[in-house]
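Structural overview
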Amino acid sequence: MLEGKLVNLRIVEKEDLPLFAEWLNSPEFLGGFQPLRQLSKTEAEKILESPLELKPFIIEKKDGTKIGFIAHFHVLHPTGSKLEIGYALVPSERGKGYCTEAIEIMVDYLFLSKDTMRIQACTDVRNAASQKVLEKTSFKKEGTMRKYLFIGGEVRDAYLYSILREEWKEPRILTRM
Ligand SMILES: CC(C)(COP(=O)(O)OP(=O)(O)OC[C@H]1O[C@@H](n2cnc3c(N)ncnc32)[C@H](O)[C@@H]1OP(=O)(O)O)[C@@H](O)C(=O)NCCC(=O)NCCS
């Protein structure tokens, strides 16, 4: 369990898979800026075994309510894989600072535990809330990836963001490991 002030991050366990699959299958949860897909629980479980090494964490409020997820995964590249994060919250819990803190916890965790120089994130150019949380957590916009996403029946441009280890320097929120 990774503990913050507002939320905790807890690795997705087998018993979370029905809820995780329900979220991934919900257009409302995905929020219009992520590819729509329909996954069975078995397929959701297989995501955890993919070569991307996807590791999703449930974002829980301090009372244990499950309000979303944040995941880290590898973007494969011949010169070595890159770490990327993705996240989403249930609509009723957005705008309360929870995702900002979840990203801060995840960045601390990844820089403390992985030998990586950078963590990246990618977001639809129209996804203002996602860009805001990345900027609030010290990610820098690197540029536009043209025609990178296929969402809602359209090809869309995406912004690539990153935070470098030297921009992080020390844990901002995660103090107990
Ligand atoms: C992106 C998302 C995870 C943000 O979670 P959240 O918990 O609401 O984020 P926070 O409350 O920490 O911060 C949101 C910030 O964006 C701002 N914001 C929200 N909607 C906005 C909009 N349409 N335009 C501009 N800013 C917006 C909020 O005001 C807040 O900034 P502030 O704290 O300075 O006021 C959430 O909106 C979500 O789940 N969206 C659907 C899934 C998604 O798009 N995931 C990202 C894929 S890259």
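For the structure itself, look to the data block above.
The notes below deal with the structure included here. (Residues numbered from 1 in each chain as written. Predicted model: local features only at pLDDT ≥ 70, side-chain atom pairs only at ≥ 80, totals over all residues. Heavy atoms only, no water.)

**Notes on the packing of aromatic side chains**
For the structure on display, the rule yields five aromatic pairs. For the ring pair phenylalanine 111 and tryptophan 168, a centre distance of 5.2 Å and an interplane angle of 35 degrees mean the geometry is tilted. Note that phenylalanine 111 is positioned in helix α4 (residues 98-113) and tryptophan 168 in helix α6 (residues 165-168), a separation of 57 residues in sequence. By the burial criterion, phenylalanine 111 is buried, and tryptophan 168 matches it. Chaining the aromatic ring pairs together yields one cluster made of Phe20, Trp23, Phe29 and Phe69. Sitting above the plane of the tyrosine 159 ring, lysine 141 keeps its charged end 3.9 Å from the centroid. (Phe/Tyr/Trp six-rings, centres within 6.5 Å; stacked < 30°, edge-to-face > 60°. Helix = DSSP H or I, 4+ residues; strand = E, 2+ residues; numbered from the N terminus. Buried < 20%, exposed > 50% of the residue type's maximum accessible area, 1.4 Å probe, protein only. Lys NZ or Arg CZ within 6 Å of the ring centre and 35° of its normal.)

**Quick notes on the site of the ligand**
Surveying the vicinity of the ligand reveals 22 residues, the closest of which are Gly95, Gly97, Thr100, Lys132 and Lys136. Note that an oxygen atom of the ligand is positioned 3.2 Å from one of the backbone N or O atoms of lysine 96. Here an oxygen atom of the ligand and a side-chain polar atom of threonine 100 are 2.5 Å apart. Elements represented by at least two residues in the shell around the ligand include exactly α2 (27-30), β5 (82-89), α4, β6 (118-124) and α5 (128-136). The element best represented in the shell around the ligand is α5, accounting for six residues. (Near = heavy atom within 4 Å. Polar contact = N/O pair within 3.5 Å; in protein donor to acceptor, adjacent residues only side chain to side chain.)

**Topic: the environment of tyrosine 87**
Here tyrosine 87 shows up in strand β5. Note on tyrosine 87: relative accessible area 13%, which makes it buried. For the pair formed by tyrosine 87 and isoleucine 58, sequence separation is 29 residues and the distance between their alpha carbons is 9.8 Å. A distance of 2.8 Å separates the side chain of tyrosine 87 from the side chain of serine 130, its partner in a polar contact.

**Some points on the pattern of salt bridges**
Throughout the structure, instances matching the rule amount to eleven salt bridges. With a closest N to O distance of 2.9 Å, aspartate 124 and arginine 156 form a salt bridge. Linking aspartate 124 in strand β6 with arginine 156 in strand β8 (residues 154-164), this pair joins segments that are 32 residues apart in sequence. Residues joined by salt bridges that share partners form a network here, namely Arg10, Asp16, Glu60 and Lys66. (Salt bridge = Lys/Arg side-chain N within 4 Å of Asp/Glu carboxyl O.)

**Quick word on the pairing of strand β2 (residues 7-11)**
The side chains of a regular strand alternate between the sheet's two faces. Most of β2 sits inside the fold, with four of its five residues counted as buried. With two bridges connecting them, strand β1 (residues 2-3) and β2 associate as antiparallel partners. When the sheet's bridge partners are listed, leucine 2 is paired in β2 with leucine 9. Between β1 and β2, which pair antiparallel one after the other, the connecting turn spans three residues. (Pairing = 2+ DSSP bridges.)

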